[in-house]
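# Structural features, examined
In case you want the letters, here they are:
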Amino acid sequence: MKKKIVSGIVGVSLMLTPVSSVFASGYPVFDVSGWLNGIDQLYQEYDMVKNTITQIENQYKSIQHSIEVAKSIDWDNINFDGDFDIRNDIKNANKRVNKLLTQARNIKTTLTTPSINCGNVKYSIADLCGCTSSDTWESRKNLLTAVSDYKYYMTNTMKEAVSSVVDGLDEKQRKAIWVKYGISPSNYVFIQQSQTSVMASAQKVMAKATEQAEEMVAEEKLAKANAIIAAALDNTDSDGNPTAAGMQEAQLHLSEEILQQLVELGFNMNEVGQMTAAQLIAKDAQEQAEKDEAARVAEIESNSNSQLSSRFIKK
């Protein structure tokens, strides 16, 4: 998976190579290195979340196994004091662990389900982080392609909406956009609106995943009070080694860790989203500069031809 995102980043960096030279002439210089580092950090943070979820799943599965072993004991021939019946505790523990395992899987599903509309294409959080891209550059998915897809969608279907925004700008504001970014106000609005829409949708998904993680931490703290779960966590295998579930405090720490990781992932995604908008502005400015240069050359050639003396023109 790391290979996929690295190859994508290399492709993007190659595409961006001429941008700095264009912007060095007066427009803001796009920080290619910072953007690529941000993407790499985004991938690493998502990878940490994914690995933590896998660890939690494995630990809950181990606890489930220990509970199932306890359930298989013949408790019918055992007399219990008072109203206490350990079979009720086993049943309760099984419900709690199943719920915790389901919550961990729900977080994974939330992050990997394509639910973010980017025009005619749907993305997941994993897609935006570049963690589900294929081996080919053409079919890659990441924040850049998401904003680009949405910009393409807006360009073809929402011209009137963007025009109304541009019409609301006064001449001074329009000129400021041209001078600062080297692109038309309409293109600037297309990019900014696209980035805003994609990130707003992504934030909603991240908020949902974070809420699920908060619930899981709360459930984990409640589950710690269960005697059967405590016994399962402290259980050892046939060699006398601790089971994969580990210690109770480590289990709770892992659940709290995934919550913090999701928060950091959300912050980093927003930062990369802002830099992605800047990258698209830089790309548009490069294309505009190339068009302007081509028009200037054509005009010079046209003027030169029109100024030729008539004696050089073949009759």
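What you are looking at is a predicted structure, and each value in this text was computed from that prediction instead of being measured.

### Considerations on the layout of surface pockets
Taken as a whole, the largest pocket holds about 210 Å³ of empty space. Around the largest pocket, the lining is made up of 12 residues, and of these S148, K151, L280, K283 and D284 lie nearest the centre. Elements that contribute at least two residues to the lining of the largest pocket include exactly α6 (143-157) and α11 (248-306). Top contributing element to the lining of the largest pocket by residue count: α6, with six residues. For the lining of the largest pocket, the residue count by class is four nonpolar, four polar and four charged.

### What to know about the pattern of salt bridges
When the charged atoms of two side chains lie near each other, side chains of opposite charge can form a pair. Counted under the stated rule, the structure contains eight salt bridges. Linking K108 and E57 is a salt bridge whose minimum nitrogen-to-oxygen distance equals 2.9 Å. Note that K108 is positioned in helix α4 (residues 86-112) and E57 in helix α3 (residues 32-71), a separation of 51 residues in sequence. A salt bridge links E219 to K99; its shortest N-O distance comes to 3.2 Å. Of this pair, E219 sits in helix α9 (residues 185-223) while K99 sits in helix α4, and the two are 120 residues apart along the sequence. Here K99 falls in the partly exposed class, since its relative accessible area comes to 42%.

### Topic: the packing of aromatic side chains
Scanning the entire structure with this criterion turns up one aromatic pair. Lying over the aromatic face of Y123, K141 brings its terminal NZ or CZ to 4.9 Å of the ring centre.

### Notes on the side chain of T145
When you line up the elements, T145 lands in helix α6. Looking at T145, the relative accessible area reads 8%, which means it is buried. Within the structure, the side chain of T145 is placed 2.9 Å from the backbone nitrogen of N142, a separation counted as a polar contact. Dropping the residues within four chain positions of it, T145 is found in contact with Y123 and R140.

Cut-offs applied
Residues numbered from 1 in each chain as written. Predicted model: local features only at pLDDT ≥ 70, side-chain atom pairs only at ≥ 80, totals over all residues. Heavy atoms only, no water. 1 Å grid on protein atoms, 1.4 Å probe; cavity = no way out; pocket = protein on both sides within 12 Å on 5 of 7 lines; lining within 4 Å. Points joined across faces, edges and corners; volume = space filled by probe spheres on them. Helix = DSSP H or I, 4+ residues; strand = E, 2+ residues; numbered from the N terminus. Nonpolar A, V, L, I, M, F, W, Y, C, P; charged D, E, K, R; others polar. Salt bridge = Lys/Arg side-chain N within 4 Å of Asp/Glu carboxyl O. Buried < 20%, exposed > 50% of the residue type's maximum accessible area, 1.4 Å probe, protein only. Phe/Tyr/Trp six-rings, centres within 6.5 Å; stacked < 30°, edge-to-face > 60°. Lys NZ or Arg CZ within 6 Å of the ring centre and 35° of its normal. Polar contact = N/O pair within 3.5 Å; in protein donor to acceptor, adjacent residues only side chain to side chain. Contact = heavy atoms within 4.5 Å.

Purely spatial values, then, with no claim about function.
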